[in-house]
Amino acid sequence: MQKLKNWLNGLSDVLPDLLIGILLYGVVCEAVGLIFVKDRLFYSIGLLTGILCAMGMAVHMAWSLNMALDLGESGAVKKMQLHNLLRYGIVVVVVFALWLSGIGNPVVSFLGIMGLKVAAYLQPFTHKLFRR
């Protein structure tokens, strides 16, 4: 566990805060969904898939940025564009796979993926809360 924590901290100082924010967002969405949704398993699978995608995107983004810092300006721009397309392509494939398979709600999966955006806005607060 300590090795994982050191690896995540080595990628970015902000990454652990983002991951905590994504998880907190997921817990809130799950609690709300369990209260209001009839098909709880379908909702939960979709949300969990989206949350895992958001966490994977955050880790990949931090890794890509670290890698791009070692390149020249034009090389870094090209590399980041390629990795952005890769991330968004994977999101499209995951949401489409949920839709085709019917095992999870693809709309709720997108809600989970938006946890990355919410966590980015909450990062200053999660940093203060968990880094004392």
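Structure: see above.
All figures in this text were calculated on a predicted structure; none of them were measured in a lab.

Draft legend 1. Structural view of the environment of glycine 26. Among the structural elements, glycine 26 can be located in helix α2 (residues 15-36). In this structure glycine 26 touches Leu47 and Ile51, once residues within four positions along its chain are discounted.

Draft legend 2. Looking closely at a nonpolar patch on the surface. Where nonpolar side chains cluster on the molecular surface, the patch consists of Val28, Val32, Ile35 and Phe36 and spans about 450 Å² of accessible area. Looking at the element boundaries, isoleucine 35 is found in helix α2.

Draft legend 3. Inspection of helix α4 (residues 73-101) at higher detail. Under the 1.5 Å per step criterion, the end-to-end length of α4 is 42 Å for 29 residues, consistent within 8% with the ideal 42 Å. Taken together, the buried positions of α4 are Ala76, Met80, His83, Arg87, Val91 and Leu98. Tucked inside the fold, the buried residues of α4 contact α3 (40-68) and α5 (106-113).

Draft legend 4. Up close: the nonpolar core. In terms of nonpolar packing, the biggest core is built from 20 residues, with Ile22, Leu47, Ile51, Ala58 and Leu116 touching the most fellow members. Of all the secondary structure elements, the ones that give two or more residues to this core are α2, α3, α5 and α6 (115-130). For this core, the element with the highest residue contribution is α3, accounting for nine residues. Those residues in contact with isoleucine 22, other than ones at most four positions away along the chain, are Ile51, Ala54, Met55, Ala58, Gly115, Leu116 and Ala119.

Definitions and limits used
- Residues numbered from 1 in each chain as written.
- Predicted model: local features only at pLDDT ≥ 70, side-chain atom pairs only at ≥ 80, totals over all residues.
- Heavy atoms only, no water.
- Helix = DSSP H or I, 4+ residues; strand = E, 2+ residues; numbered from the N terminus.
- Contact = heavy atoms within 4.5 Å.
- Patch = residues over 30% accessible without salt bridge, like charges linked within 9 Å, V, L, I, M, F, W, Y side chains within 5 Å.
- Areas by Shrake-Rupley, 256 points an atom, 1.4 Å probe, with all protein chains shown as cover.
- Salt bridge = Lys/Arg side-chain N within 4 Å of Asp/Glu carboxyl O.
- Expected span 1.5 Å × (residues − 1).
- Buried < 20%, exposed > 50% of the residue type's maximum accessible area, 1.4 Å probe, protein only.
- Core = buried A, V, L, I, M, F, W, Y, C linked by side-chain atoms within 4.5 Å.

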